[in-house]
Amino acid sequence: MTALLFVLLAIVIAVSIWQVTSILNLKSTIATEKDNNTQGILFAVFGIFFYGLMIFSFWKYSVILLPESASVEGEEYDTLYLITMLLILFVQAVMQFLLFFFAFKYRGIKGRKALFYADSTKLEIIWTVIPTIVLFGLVLYGLTVWNDVMDASTAEEPLIVEIYAKQFQWEARYAGDDNELGLANVRKIKGINTMGVDMTDKNALDDIPTRELHLPKGRKVVFKFRSQDVLHSAFMPHFRAQMNCVPGMVTQFAFTPKLTTEEMRANDKTIAKVAGINKIRAEKGEDPYEFDYLLLCNKICGASHYNMQMKIIVEDEAAFNTWLKDQKTMAQVLQ
């Protein structure tokens, strides 16, 4: 693969040198009407190829996109994303068409003179005001969505979970029966107390440490994020959730899971994606892959950044409660 990249790089460099040389040789050449006509036609043909390639890419590679949001709040995010992308694609499609069309329509023809004027106040106002209004609307809408997603103040009895990041591992801590996390600090890390939980705080005694993240479907989950060492980023793509884990402070994010792991495995897009992955794995002689939600690190935090992940299991609340009761509390672990 490395050899192929070097070959491609050599080809690109050779083509660049050839193009520069050709331009220098043409500096004293006057283009004929035939030359202009040829270049105009080539622009039109390339424009058709460009749009064809774009349509093909959307059709061929849409399978790599994420399936529907696995969280209620993620639906708002997806709507914002869709509106933004449709607007960008519309502007891109129109502007690219005009570039290719004008290059063809106004190619140099004998007897045609180019119209030149220094400025146009009307045009300046149009292409300044319209983008300003559109971007202002998008920013305002984005802030509204962000506030809706981040606001957990109206949630009734949310589940409180701490996500603790360190090179190169995730740990989780559930608030116990009091639904309140005990204090913690990196200076308290000692032995098997790997999250630095302050055991002198009575709220910490019933907290539940785990290395696997279980979430109940339909219940708001408030995540508290901490980092032991460097800047990490807790990324749960299927829930459309991401938050930086910053050393020395606690950050927060919240969402409500709406699809269990089993329900997402039965999703048509998930099935198609898993089938594509397993086809590649089969060709390599690897074991088949089964879909799971994952917590990933979305900051390059060191040499093993790529391997920093935690499995997430979403289940109905009864199954979640049964699992949680089987886990040991901090007091039991550290006794």
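Let me begin by describing the structure that accompanies this report.

So, the side chain of Lys258
And step 1. With respect to the helices and strands, the residue Lys258 is situated in the loop between strand 8 (251–255) and helix 5 (261–265).
And step 2. Among the polar contacts made by the side chain of Lys258, one reaches the main-chain carbonyl oxygen of Ser69 at a distance of 3.4 Å.
And step 3. In contact with Lys258, not counting residues within four places along its chain, are Glu68, Ser69, Ala70, Ser71, Val72, Glu75, Lys217 and Glu263.

Considerations on helix 2 (residues 33–61)
And step 1. The first and last C-alpha atoms of helix 2 sit 41 Å apart over 29 residues, in line with the 42 Å expected at 1.5 Å per residue.
And step 2. Structurally, helix 2 contributes buried residues whose contacts are with helix 3 (72–105).

Things to note about the sheet that holds strand 1 (residues 159–166)
And step 1. What the five strands build is an open sheet, ordered 3-2-1-5-8; its pairing is mixed. A strand with exactly one partner marks an edge of an open sheet, and here the two such strands are strand 3 (208–210) and strand 8. Ignoring which end each strand starts from, the neighbouring axes of this sheet average 25 degrees apart.
And step 2. As paired strands, strand 1 and strand 5 (residues 221–227) are joined by seven bridges and run parallel to one another. Considered in strand 5, the bridge of Ile160 is made with Val222.
And step 3. On top of the sheet, helix 7 (residues 317–325) reaches strand 1, strand 2 (169–174) and strand 3; it is set at about 100 degrees to strand 2, its chief contact.

Focus: the packing of helix 3 against helix 4 (residues 121–150)
And step 1. For the pair helix 3 and helix 4, the least separation of the axes is 9 Å and the interaxial angle reads 170 degrees. Classified by the angle their axes make, helix 3 and helix 4 are roughly antiparallel. Two packed elements cross with a definite hand, and for helix 3 against helix 4 that hand is left-handed. Two secondary-structure elements touch here, helix 3 through Glu73, Glu76, Tyr77, Thr79, Leu80, Ile83, Thr84 and Leu87 and helix 4 through Val134, Leu138, Tyr141, Gly142, Val145, Asp148 and Val149.
And step 2. Each residue belonging to the contact of helix 3 with helix 4 can be placed in one class, and the counts come to nine nonpolar, three polar and three charged.

Some words on the pattern of salt bridges
And step 1. According to the stated counting rule, one finds 16 salt bridges in the structure shown.
And step 2. Ionic pairing is found between Glu262 and Arg265, a salt bridge with its closest N-O pair at 2.9 Å. In this pair, Glu262 and Arg265 are both assigned in helix 5, three residues apart and thus about one turn of the helix distant.
And step 3. Accessibility expressed as a relative area gives 53% for Glu262, which makes it exposed.

Considerations on the pairing of strand 6 (residues 232–236)
Here is the key point about a regular strand: its side chains alternate between the two faces of the sheet.
And step 1. The buried fraction of strand 6 is high, at four of five residues.
And step 2. Of the pairings in the sheet, the one linking strand 6 to strand 7 (residues 241–245) comprises five bridges and is antiparallel in character. Along strand 7, the bridge assignment pairs Phe235 with Gln242.
And step 3. Between the end of strand 6 and the start of strand 7, which pair antiparallel, lie four residues, with Arg240 showing a positive phi angle near 55 degrees.
And step 4. Note that strand 6 and strand 9 (residues 293–297) share two bridges and pair antiparallel. Residue pairing in the sheet places Ala234 in a bridge with Cys297 of strand 9.

Observations concerning the sheet that holds strand 10 (residues 309–315)
And step 1. Pairing is mixed across the open sheet formed by five strands, whose spatial order is 4-10-9-6-7. The open sheet has two edge strands, strand 4 (213–216) and strand 7, and neither has a second partner. On average, each strand axis in the sheet is tilted by 25 degrees relative to the strand beside it, whichever way the strands run.
And step 2. Sheet topology note: the strand 4/strand 10 ladder contains four bridges and is parallel. Residue pairing in the sheet places Leu215 in a bridge with Val314 of strand 10.
And step 3. Contacts from helix 7 reach strand 4 and strand 10 within the one sheet, and its direction differs from that of strand 4 by about 140 degrees.

Thoughts on the packing of helix 2 against helix 3
And step 1. Where helix 2 contacts helix 3, the two axes come as close as 7 Å, and the packing angle between them is 160 degrees. Classified by the interaxial angle, the pair formed by helix 2 and helix 3 is roughly antiparallel. The handedness of the crossing between helix 2 and helix 3 comes out as left-handed. Across the interface between the two elements, Gly40, Ile41, Phe43, Ala44, Phe46, Gly47, Phe50, Tyr51, Met54 and Phe58 from helix 2 touch Leu89, Gln92, Ala93, Gln96, Phe97, Phe100, Ala103 and Phe104 from helix 3.

Side note on helix 7
And step 1. Along helix 7, the positions that sit buried rather than exposed are Phe320, Trp323 and Leu324. Here the buried residues of helix 7 occupy an arc of 100 degrees about the axis, which is enough to place them on one side. Facing away from the buried side of helix 7 by over 90 degrees, the exposed positions are Ala318 and Lys325.
And step 2. Here the buried face of helix 7 lies against strand 1, strand 2, strand 3, strand 4 and strand 10.

Some details on the nonpolar core
And step 1. Of all hydrophobic cores here, the largest spans 40 residues; its most connected members are Trp170, Leu213 and Phe223.
And step 2. Ranked by residue count, the leading element in this core is strand 1, at four residues.
And step 3. Once you skip the residues sitting within four places of it in the chain, Leu213 turns out to touch Val161, Ile163, Ala172, Tyr174, Phe223, Met310, Lys311, Ile312 and Ile313.
And step 4. By size, the runner-up hydrophobic cluster in this structure holds six residues, among which are Ile160, Ala175, Leu181 and Val222.

Rules of the game
- Numbers given for residues are sequential positions, taken from 1 along each chain in its written order.
- Reporting of local features is limited, given that this is a predicted model, to residues whose pLDDT is at least 70; pairs of side-chain atoms are given and counted only at 80 or more, and all residues count toward the totals for whole chains, interfaces and linings.
- No hydrogens and no water enter the side-chain calculation; it runs on all heavy atoms of the structure.
- The way it works is that DSSP assigns letters per residue, a run of H or I at least four long becomes a helix, a run of E at least two long becomes a strand, and they are numbered from the N terminus.
- The definition of a polar contact used here is a pair of N or O atoms within 3.5 Å, where within protein one atom must be able to donate a hydrogen and the other to accept one, and adjacent residues in sequence count solely through side-chain atom pairs.
- Should any heavy atoms of two residues lie within 4.5 Å, those residues are considered in contact.
- Helix span, as expected, comes to 1.5 Å for every residue beyond the first.
- Here, any two strands with at least 2 DSSP bridges between them count as paired.
- In this analysis an axis means a line fitted to C-alpha atoms, helices contributing only their contacting stretch, and an angle means the value between N-to-C directions, from 0 to 180 degrees.
- If an angle is under 35 degrees, it is roughly parallel; if it is over 145, roughly antiparallel; if it lies from 65 to 115, roughly perpendicular; otherwise it is oblique.
- Handedness of a crossing follows from how the near helix is turned relative to the far one, being left-handed for an anticlockwise turn of less than a right angle and right-handed for a clockwise one.
- Basically, the charged four are Asp, Glu, Lys and Arg, the nonpolar ten are Ala, Val, Leu, Ile, Met, Phe, Trp, Tyr, Cys and Pro, and anything else, Gly included, counts as polar.
- The rule for a salt bridge is simple: a side-chain nitrogen of Lys or Arg has to be within 4 Å of a carboxyl oxygen of Asp or Glu.
- Residue exposure (1.4 Å probe, protein chains only): buried if accessible area is under 20% of the type maximum, exposed if over 50%, otherwise partly exposed.
- Throughout, the arc means the angular range of directions from the helix axis out to the C-beta atoms.
- In this description, a nonpolar core means a group of buried Ala, Val, Leu, Ile, Met, Phe, Trp, Tyr and Cys residues linked to one another through side-chain atoms lying within 4.5 Å.

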